[in-house]
Amino acid sequence: MTMTSIRKSAAAVVLCSLLGGSAVAQDRPVYLDASAPLERRIDDALRRMTLHEKIQLLHAQSKFTSAGVPRLGIRQLNMDDGPHGVRAELKWNDWDSAAWTNDSCVAFPSLTCLAATWNPAMGALYGHVLSEEFAYRGKDMILGPGVNIYRHPFNGRNFEYMGEDPCLAGRMVVPYIEAAQRNGVACCLKHFFLNNQETDRWDGNVNVDERAVHEIYLPAFKQAVQQAHVWAVMGSYNKWNGVHCSHNDSLLNGILKRDWGFDGVVVSDWDATHDARQAATGGLDLEMGTTRGTAPKGEPFTYNHSFLGDAFERAVREGVWPESLVDEKARRVLRTIFRTAMNPAKTIGSMCSEEHYAACRTMGAQGIVLLKNDRQVLPLQAGRYRRILVVGENATRSLTQGGGSSELKTKYDVSPLEALQQEFGERVVYAQGYSSGRALYDRVDAVPAALQDSLRRAALAAAQQADLIIFVGGLNKNRQQDCEDSDRESYHLSFGQDELIAALARTGRPVVVANFGGNAYAMPWIEQVAGVLHCWYLGSEAGHALTDVLTGRVNPSGRLPMTFAKRVEDYPPMQYGREAYPGVDKQVYYREGIFVGYRHFVSRKVKALFPFGYGLSYTTFRYGRPRLDRTQLTAGGSIRLTVDVTNTGARRGEEVVQLYIGEDKPVVERPARELKDFSKVGLDPGETRTLTFEIRPEMLQYYSSDLHRWTSTPGSFHAYVSASSEDVRGAVAFELK
Ligand code: BGC
């Protein structure tokens, strides 16, 4: 076909589809025929493209888009952050706001909150509503979700991830991706991998043993690739084995593409591409966010200066690289374009709909974790209080702001104070109590002591008149307070919150603490307060989700997706000095190996403040004795474990039943038990349900660094049916033959 005839036929197809007819369907080139097999369409498109056109597919053309092939009617890719809502428009070439007036969105709860629901149905709901907002805004790819493992509570981006356990993160992320991609919107799973801290995030090198790589840091990514068939993966900034992960050959070509069979596109993190050779050969397909690339000194950067731009094209023409290397990358980009931007089944989407707000509220309320409830201070009995004092900056502050690239411009946010006022009217009074400073990125110590002192005194004076105090504080997405590009510096809450909570409690009034944040923190006041809720970041409907739980309209059912330690010194990396966290000379050593989170706390009997998997309800549950249908497991077989769970309280509630497995006398060191499955079950008062879990041989495996593969050894094991990593309600023994 000549160029003119291709152009004509492409135009004919467009015209034909506009007219809704099929008169010229036989002329339609294969690549434009959505009913043709995907790989044939890609072959056809590649055949028609010049080298230059293929190269144009491989790098950015603006901050958040990459080019299509206009001559062939192949559309560009529109990407956006992610991961909790669709980010407001930025200017074409820089990070400044484009100042649109029609780009506000619903902020959904943070991914840590989603993980805390322990409810895969919430994952599916999340992916569905989020992708509808992306589609409506004309986006093809969500830059998210993130499944980096929670290794240390100082990591500024933990709130964007799904906790400390790969089984939980994997189970929650799969339905999110499936639901989003069903709508024709790609997920770009990030940050692959070992992005577990923000200190030295650009060029820190992670040293970690092979077993921890496979048992802890890869599995959630692997599940997203192999079960949810995620369409895009973002390489992280940090290095692994001395090479940046955005173009790390053994990671991307070896593990992701060869071993796991990933057929999607590898996108670099923004400005994470550093080297021409590695960009060409290290498994990167689409280079985004580069700011200097190969631009000669003194010359302004244009996107053709990307490493995968003109210089790459020249190198291919000169025979340095074969054109097949370009085709391999272009094929993956085209696959993504056909799956999204040119997918006729892609949803039109919707924005800020009632359904989206309702989903936001439901997911938020499901993720809130009730940590303490003395003398049943909660749920609040409306008639009981004459004056409710709300204290704390987070009661009025929009927590959808700040935090870095996940910041959102929302159409509206309902703050906790507003929602409490809607609920309890004039009985609610407010005192700010502390200040975190004026600007989002203020440092912790930037707040004048005199201001802090006067706010605190006003709150304590107001407390004298109150008969209930609700403290709404925590972290807040400022720099060093759950924010990209900076880690926290202290395990304690900042701005004098600890002292303030303790002083409020000393007034003798019951204090309920409702803290926000994506990380664990110390609670030196825990014995003095009556109730504690941990609320993550709840998005646009934060206030409503919180009051739903405070009032008992929703019975809390969130469970911690990470361990809350008593002291930061108790966390595994802290056992090994600065080289384990935050690293020395940009080298971090994950000395704790596989003993991350509860694997450490449970195995070494370090008592947590609140363990992984923990959360209370307004009702109580009784577990029956777990039963097995057989006690010997052989290759290819499975054991069925059943357990009865009864709601023994007076209101409907949901329990998260957790299945952990441990080997009795392992030949290699193993955690005492590890999460292998879980089930969230709703029960009416008095109702009993029988839950069934299947134990399969692969659940008993560990990764052998000698054999370089997963393996297991025959022996005896226990299955632990538990209400948290520490709260074992029943154990049964079985043998692996
Ligand atoms: C972040 C990514 C984000 C990208 C685009 C990077 O700095 O690490 O998570 O998707 O910017 O905003």
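Shown above is the structure to which this text applies.
Residues numbered from 1 in each chain as written. Predicted model: local features only at pLDDT ≥ 70, side-chain atom pairs only at ≥ 80, totals over all residues. Heavy atoms only, no water.

(A) Fine view of the pattern of salt bridges. Inspection of the entire model under this criterion finds 51 salt bridges. For E669, the salt bridge is made with R604, and the minimal N-O distance between the two is 3.9 Å. In this pair, E669 sits in the loop between β21 (653-663) and β22 (674-683) while R604 sits in the loop between α18 (598-603) and β17 (621-623), placing the two residues 65 residues apart along the sequence. With relative accessibility at 54%, the residue E669 sits in the exposed group. Residues joined by salt bridges that share partners form a network here, namely R157, E160, E198, R201, E484 and D485. (Salt bridge = Lys/Arg side-chain N within 4 Å of Asp/Glu carboxyl O. Helix = DSSP H or I, 4+ residues; strand = E, 2+ residues; numbered from the N terminus. Buried < 20%, exposed > 50% of the residue type's maximum accessible area, 1.4 Å probe, protein only.)

(B) Layout of the site of the ligand. Close to the ligand lie 15 residues, the nearest being D81, R157, H191, Y237 and D269. For the ligand, the accessible surface in isolation is 310 Å², of which the surrounding protein chains cover 97%. Taken together, the residues of the shell around the ligand sort by class into six nonpolar, two polar and seven charged. (Near = heavy atom within 4 Å. Areas by Shrake-Rupley, 256 points an atom, 1.4 Å probe, with all protein chains shown as cover. Nonpolar A, V, L, I, M, F, W, Y, C, P; charged D, E, K, R; others polar.)

(C) Spatial organisation of empty space enclosed by the protein. Per the stated rule, a full pass over the model turns up four cavities of 30 Å³ or more. The wall of the largest cavity is formed by 13 residues, among which R397, S398, L399, G539 and A542 lie closest to the centre. Classifying every residue of the lining of the largest cavity gives six nonpolar, five polar and two charged. (1 Å grid on protein atoms, 1.4 Å probe; cavity = no way out; pocket = protein on both sides within 12 Å on 5 of 7 lines; lining within 4 Å. Points joined across faces, edges and corners; volume = space filled by probe spheres on them.)

(D) Layout of helix α5 (residues 120-136). With 17 residues, α5 should cover 24 Å at 1.5 Å per step; its first-to-last C-alpha distance of 25 Å lies within 8% of that length. As for α5, its buried residues are in contact with β2 (77-80), α4 (111-117), β3 (141-142), α6 (166-182) and α13 (354-367). G138, located one to two residues past α5, shows a positive phi value of around 80°. (Expected span 1.5 Å × (residues − 1). Contact = heavy atoms within 4.5 Å.)

(E) Local environment of the pairing of strand β15 (residues 531-534). Here β15 shows a buried face lined by G531 and L533 and a second buried face lined by V532 and H534. Sheet topology note: the strand β10 (residues 369-373)/β15 ladder contains four bridges and is antiparallel. Note that in β15 the partner of V369 across the bridge is H534. Bridge count between strand β14 (residues 511-516) and β15: four bridges; the pairing is parallel. Bridge pairing links V513 to V532 in β15. (Pairing = 2+ DSSP bridges.)

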